[in-house]
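Given next are the chains, with one letter for each unit.
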Amino acid sequence: MENNNKTNAVGTTLGYRISMIRYDNNLNYQEFGAKLKVSGQIVKYWEDGVRTPSDKNLTNLANTFNVDYIWLKFGKGEMRNSFDGKFLIIKK
């Protein structure tokens, strides 16, 4: 599966988008879950559509893997945040 910064996921399921993030980071269910403080089985349930992650888990997932929350939840926009978490400070 090829992913890039411009991946548009309109028409995909939430579970598929989660699996895209996991594959993009080369992690198995357990490794991915450990980063999110959930079990690998929960990750599998999310990807399979058996369970839906809470908004708290979606926010954590988006922040942990630098993924746009709107893309993750709704499949709109781009997968990656362009903001890298660093602020530019301009001194006068």
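The structure we're discussing is the one just above.
Residues numbered from 1 in each chain as written. Predicted model: local features only at pLDDT ≥ 70, side-chain atom pairs only at ≥ 80, totals over all residues. Heavy atoms only, no water.

With respect to the overall build of the chain
So, step 1. A tally of regular secondary structure across the chain gives five helices and zero strands.
So, step 2. Going residue by residue from the N terminus, the α and β elements of the chain occur as α-α-α-α-α.
So, step 3. Counting only residues that meet the buried cut, the chain has 35% of its 92 residues in that class. (Helix = DSSP H or I, 4+ residues; strand = E, 2+ residues; numbered from the N terminus. Buried < 20%, exposed > 50% of the residue type's maximum accessible area, 1.4 Å probe, protein only.)

Focus on helix H3 (residues 40–48)
So, step 1. Turning to H3, its buried residues number three or more, namely Gly40, Ile42, Val43, Trp46 and Glu47. Along the long axis of H3, the arc covered by the buried residues comes to 155°, so they all point the same way.
So, step 2. Elements in contact with the buried residues of H3: helix H1 (14–24), helix H2 (29–36) and helix H4 (55–64).
So, step 3. One or two steps after H3, the chain reaches Gly49, where phi turns positive at roughly 80°. (Arc of directions from axis to C-beta. Contact = heavy atoms within 4.5 Å.)

Considerations on the packing of aromatic side chains
So, step 1. This structure, assessed with the given rule, holds one aromatic pair.
So, step 2. Taking 4.8 Å as the distance between ring centres and 15° as the angle between the ring planes, the aromatic pair formed by Phe32 and Phe65 counts as stacked. Placement of the pair is Phe32 in helix H2 and Phe65 in the loop between H4 and helix H5 (69–74), with a sequence separation of 33 residues.
So, step 3. Here the basic side chain of Arg22 rests over the ring of Tyr29, its NZ or CZ set 4.0 Å away from the ring centre. (Phe/Tyr/Trp six-rings, centres within 6.5 Å; stacked < 30°, edge-to-face > 60°. Lys NZ or Arg CZ within 6 Å of the ring centre and 35° of its normal.)

Description of the packing of H1 against H3
So, step 1. In the contact formed by H1 and H3, the axes pass within 6 Å of each other and the chain directions differ by 130°. When the axis of H1 is compared with that of H3, the two are oblique. For the pair formed by H1 and H3, the contact residues are Gly15, Tyr16, Ile18, Ser19 and Arg22 on the first element and Val43, Trp46 and Glu47 on the second.
So, step 2. In terms of residue class, the contact of H1 with H3 is built from four nonpolar, two polar and two charged. (Axes fitted to C-alpha atoms, helices over the stretch in contact; angles between N-to-C directions. Parallel < 35°, antiparallel > 145°, perpendicular 65-115°, else oblique. Nonpolar A, V, L, I, M, F, W, Y, C, P; charged D, E, K, R; others polar.)

Side note on the side chain of Arg80
So, step 1. Examined against the element boundaries, Arg80 turns out to sit in the segment after H5.
So, step 2. Within the structure, Arg80 has its side chain in polar contact with the backbone oxygen of Phe65 (distance 2.7 Å). (Polar contact = N/O pair within 3.5 Å; in protein donor to acceptor, adjacent residues only side chain to side chain.)

Some points on the pattern of salt bridges
So, step 1. Enumeration over the complete set of coordinates arrives at four salt bridges.
So, step 2. For Glu47, the salt bridge is made with Arg22, and the minimal N-O distance between the two is 2.6 Å. Of this pair, Glu47 sits in helix H3 while Arg22 sits in helix H1; the two residues are 25 residues apart in sequence, bridging distant segments of the chain. One exposure class covers both Glu47 and Arg22, and it is buried.
So, step 3. In this structure, the salt-bridge partner of Lys73 is Asp55, at a minimum N-O distance of 2.8 Å. Separated by 18 residues along the polypeptide, Lys73 in helix H5 and Asp55 in helix H4 bring together distant segments of the chain.
So, step 4. By relative accessible area, which is 43% here, Asp55 ends up partly exposed. (Salt bridge = Lys/Arg side-chain N within 4 Å of Asp/Glu carboxyl O.)

Everything listed here is a matter of geometry and, on its own, says nothing about what the molecule does.
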